[in-house]
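Each chain, written out:
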Amino acid sequence: MEFAEGAPCWADAALPDVESGKRFYGDLFGWTFDEGAGAEYGYYTQAYSDGRNVAALAPDHDGRTPTGWTVYFKARDAETVASAVRDCGGRLLVEPLSIGPFGTMALAADPEGTVFGLWQAGTHAGFETRGEPGTFCRTELHAHDRATVAPFYTSVLRQGAADLGICAAVGSAPARFLVHFAVTDCEATADAATRLGGRVEEEPFDTPCGRVAVLTDSQGAAFAVHQG
């Protein structure tokens, strides 16, 4: 797939137990998985839908990485975008880092501390499909101070910021990116997530774009499902 500069191009979940994650998402979305990369790549495990690359699961061995999903935005030049993050009031958690032939990644935080990734593609371009059932369809930023973060993302993500939905984080809820996966039946998916050991954070509700439910997996990673 081709991605515009600043568009979401990849997502992965940091989990304490990748094998448990494979069972949960395999049953929920029908994903299959590779054997996982070696130690030099942190045993990163790719997920597939109908043989196409759609996400990854990464083990958190030492408990220092928060459990959850991270969305990555395309950067033609990760160093340049990383500089923009710093210049616009964000910070770099992981400086641009070459991941062998696959590409270059960085982890950043916006002025509210919300974490996101940058991805400069090498042999791994990102999602091989999206918008189909069981695959990524959009991401949504829940922010407390829209007046601060909206200009930040406009400056950092450029044209990709036009497609970024920004919602108000409710009360004391943390600012975060919420990754949405497409499904054919929101209620059935929410029921399945509960049966698999997950939890319904927000019951299915209607939006102008379709029906949405916010869930957590069996290890507490939050995500949304979207029935268009």
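Look a little higher up for the structure.
Conventions adopted
Residues numbered from 1 in each chain as written. Predicted model: local features only at pLDDT ≥ 70, side-chain atom pairs only at ≥ 80, totals over all residues. Heavy atoms only, no water. Helix = DSSP H or I, 4+ residues; strand = E, 2+ residues; numbered from the N terminus. Rg over C-alpha atoms; globule rule 2.2 N^0.38 Å. Buried < 20%, exposed > 50% of the residue type's maximum accessible area, 1.4 Å probe, protein only. Contact = heavy atoms within 4.5 Å. Lys, Arg positive; Asp, Glu negative; His and termini not counted. Charge placed at Lys NZ, Arg CZ, Asp CG, Glu CD. Core = buried A, V, L, I, M, F, W, Y, C linked by side-chain atoms within 4.5 Å. Pairing = 2+ DSSP bridges. Axes fitted to C-alpha atoms, helices over the stretch in contact; angles between N-to-C directions.

Enquirer: Help me get a handle on the overall build of the chain, residues and values and all.
Expert: Counting its regular elements, the chain contains four helices and 14 strands. Taking 2.2 N^0.38 as the reference for a compact globule, 228 residues should give roughly 17 Å; the C-alpha atoms of the chain span a radius of gyration of 17 Å, in line with that estimate. Counting every position in the chain, which comprises 228 residues, the buried fraction comes to 51%. Sequence separation of 24 or more characterises 62% of the internal contacts of the chain that already satisfy a separation of 6 or more. Here the chain carries 16 positive and 31 negative side-chain charges, and the mean point of each set is 3 Å from the other.

Enquirer: Explain the nonpolar core residue by residue, including any values.
Expert: By size, the foremost hydrophobic cluster in this structure holds 60 residues, and its most contacted members are Tyr25, Phe29, Trp31, Trp69, Phe116, Tyr153 and Phe223. Setting aside anything within four residues of it in sequence, one finds Phe29 in contact with Gly134, Phe181, Val183, Thr189, Phe223 and Val225. Membership of the second largest hydrophobic core comes to five residues, among which are Val212, Val214, Ala222 and Ala224.

Enquirer: Go over the sheet that holds strand S12 (residues 199-207), please, and point to the residues and values.
Expert: The six strands are arranged S10-S9-S11-S14-S13-S12 in an open sheet whose pairing can be described as mixed. This sheet does not close on itself; its edge strands, each paired only once, are strand S10 (165-168) and S12. The sheet shows a mean angle of 25° between the axes of neighbouring strands, direction not considered. In terms of strand pairing, strand S13 (residues 210-216) meets strand S14 (residues 222-227) through six bridges, oriented antiparallel. If you follow Val214 over to S14, its bridge partner there is Ala224. The strands that helix H3 (residues 146-157) touches are strand S9 (136-143), S10 and strand S11 (176-182); relative to S9, the one it contacts most, it runs at about 135°. Running over the sheet, helix H4 (residues 186-195) touches S12, S13 and S14 and is turned about 5° from S13.

Treat this as a map of the structure, not an account of what it does.
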